Amino acid sequence: MTAASTAPAPATAPARAPRRTALLPTAALLLGALYCLLPVAWVVVASTKSGRELFSTFTFLPGTGFAENLADLSAYRDGVYWQWMANSALYAGLGALLSTAVSALAGYALAVYRFRGREAVFNVLLTGVLMPPVILAVPQYLLLAEVNLTDTHLSVLLPSVLSPYGVYLARIYASAAVPADVVEAGRTDGSGEWRIFRSLALPMMLPGLVTVFLFQFVAIWNNFLLPYIMLGDDEKFPVTLGLFTLLQQGSSAPALYTLVIAGALLAVLPLIALFLVVQRFWSLDLLSGAVKS
């Protein structure tokens, strides 16, 4: 008898019990996804219908008027819709960049530096997070009216620069991502505070700042109340306010409903594209940060 035949057989791992799918959480997630996606599906289908098909065909039956709707939307008032889209891109793009920069500086300062009143400042910012925007819109209008900035692009941009929620996120992320030893090592090497922030802290905070930028861009793009209060010239309107004015006119001119639906579909596409692009860089930043650490 050989040694191989006398060797004990290796112990087999105990059979795993089949994983059971949690039916209730899965069903809740599916219902939530259906609730969120059903209006989007309706907009996609309705945008393909002509004015006659919109009110006479089955809700989710595609129509034949998509190209005509886009042409009518582009021709409406010499292409004012694309002016609204450009305004939204300006407000959301520049506002989100400035807001992210301010949030990065403020969040880093609140996380790294120790000074009297730091917690009081942070608590005031938390109060701003809990404050409904409708309460702040009227005081902001009165303040900007004092310096003759209402009905200008700045009247929409300036209130968007400071985001209490963005500062809160930046502070929390800086506390977790920027070790105190790294800051002290930079000071020991003779680097100034600005160079430490720019060369050491900022790359570590970048994934969190991408999140701040994305949240702020979406919030400004979808903002309706602030432009509604601040602006009177419809050529300065963002796309949300412009579509609202079209919808109001649709009560007397039902043909405009197809323009509103087609415009709503086009207004969603930049947000989807931005999310896909930013998510890619967000994942890359997280992976590179893990490798560097």
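Residues numbered from 1 in each chain as written. Predicted model: local features only at pLDDT ≥ 70, side-chain atom pairs only at ≥ 80, totals over all residues. Heavy atoms only, no water.

A. How the structure looks around the overall build of the protein. Within the protein one finds 14 helices and zero strands. If you list the helices and strands of the protein from N to C, you get α-α-α-α-α-α-α-α-α-α-α-α-α-α. By residue count, 33% of the 293 residues in the protein fall in the buried class. A separation of at least 24 residues holds for 71% of the contacts in the protein among residues at least 6 apart in sequence. Approximately 17,900 Å² of the protein is accessible, and the part contributed by carbon and sulfur atoms is 69%. (Helix = DSSP H or I, 4+ residues; strand = E, 2+ residues; numbered from the N terminus. Buried < 20%, exposed > 50% of the residue type's maximum accessible area, 1.4 Å probe, protein only. Contact = heavy atoms within 4.5 Å. Areas by Shrake-Rupley, 256 points an atom, 1.4 Å probe, with all protein chains shown as cover.)

B. Structural view of the nonpolar core. Core analysis: the biggest nonpolar cluster contains 35 residues, and Tyr81, Trp84, Phe217, Trp221, Val239 and Leu246 have the highest contact counts within it. Sort the elements by how many residues they give to this core and helix H14 (residues 256-292) lands first, with nine residues. Apart from residues no more than four positions distant in its own chain, Leu246 is found in contact with Tyr76, Trp84, Leu256 and Val260. (Core = buried A, V, L, I, M, F, W, Y, C linked by side-chain atoms within 4.5 Å.)

C. Region of interest: the packing of aromatic side chains. For the structure shown, the criterion picks out 13 aromatic pairs. With 5.0 Å between their ring centres and 55° between their planes, Tyr108 and Phe197 make a pair best called tilted. Separated by 89 residues along the polypeptide, Tyr108 in helix H5 (residues 80-112) and Phe197 in helix H11 (residues 193-221) bring together distant segments of the chain. The exposure class of Tyr108 is buried, given its relative accessible area of 3%. Ring geometry for Tyr165 versus Phe215: centroids 6.2 Å apart, planes at 20°, classification stacked. Here Tyr165, found in helix H9 (residues 164-177), pairs with Phe215, found in helix H11; they are 50 residues apart in sequence, far enough to count as distant. On the basis of relative accessible area, Tyr165 is assigned to the partly exposed category, the value being 39%. Given a relative accessible area of 41%, Phe215 falls into the partly exposed group. Taking NZ or CZ as reference, Arg171 lies 4.1 Å from the ring centre of Phe122, over its face. (Phe/Tyr/Trp six-rings, centres within 6.5 Å; stacked < 30°, edge-to-face > 60°. Lys NZ or Arg CZ within 6 Å of the ring centre and 35° of its normal.)

D. Highlighting the side chain of Thr48. Here Thr48 is to be found in the loop between helix H2 (23-46) and helix H3 (51-54). Residue classification places Thr48 among the buried positions, given a relative accessible area of 17%. Discounting residues that sit within four places of it in the chain, Thr48 has contacts with Glu53, Pro62, Gly63, Thr64, Gly65, Phe66 and Asn69.

E. Inspection of unusual backbone geometry at higher detail. Its identity is not glycine, yet Asn148 carries a phi of approximately 60°, on the positive side. Tracing the backbone through its elements, the reader meets Asn148 in the loop between helix H7 (133-146) and helix H8 (153-161). Using a relative accessible area of 65% as the deciding quantity, one classes Asn148 as exposed. Phi is positive for Asp151, close to 60°, though the residue is something other than glycine. Relative to the elements of secondary structure, Asp151 occurs in the loop between H7 and H8. Of the residues examined, Asp151 reaches a relative accessible area of 29% and is grouped as partly exposed.

F. Layout of the packing of H5 against helix H13 (residues 239-249). Contact geometry for H5 and H13: axes closest at 8 Å, N-to-C directions at 150°. The angle between H5 and H13 places the two elements in the roughly antiparallel class. On H13, the residues that touch Tyr81, Trp84, Met85 and Ser88 of H5 are Val239, Gly242, Leu243, Thr245 and Leu246. Split into classes, the residues belonging to the contact of H5 with H13 amount to six nonpolar, three polar and no charged. (Axes fitted to C-alpha atoms, helices over the stretch in contact; angles between N-to-C directions. Parallel < 35°, antiparallel > 145°, perpendicular 65-115°, else oblique. Nonpolar A, V, L, I, M, F, W, Y, C, P; charged D, E, K, R; others polar.)

G. Examining the confidence of the model for the protein more closely. On average, residues of the protein score 85 in pLDDT, and 88% of them reach the 70 mark or higher. Overall, residues 284-293 carries pLDDT values under 50, and its contacts beyond four positions in sequence, including any with other chains, amount to five contacts. (pLDDT = per-residue confidence, 0-100.)

H. How the structure looks around the packing of H9 against H11. One way to put it is that H9 packs onto H11 with a least axis distance of 9 Å and a crossing angle of 165°. With respect to H11, the element H9 is oriented roughly antiparallel. The way H9 lies across H11 gives a crossing that is right-handed. In this structure, H9 uses Tyr165, Gly166, Leu169, Ala170, Tyr173, Ala174 and Ala177 to contact H11, whose residues at the interface are Met204, Met205, Pro207, Gly208, Leu209, Val212 and Phe215. Its residues assigned to classes, the contact of H9 with H11 comprises 12 nonpolar, two polar and no charged. (Left-handed = near helix turned anticlockwise from the far one by under 90°.)

I. Expanded view of H9. Taking 1.5 Å of rise per residue, the 14 residues of H9 would be expected to cover 20 Å, and the 20 Å separating its terminal C-alpha atoms lies within 8% of that figure. Within H9, burial applies to Gly166, Val167, Ala170, Arg171 and Ala174. One side of H9 holds all its buried residues, which, seen down the axis, span an arc of 135°. On its buried face, H9 is in contact with H5, helix H6 (118-130) and H11. (Expected span 1.5 Å × (residues − 1). Arc of directions from axis to C-beta.)

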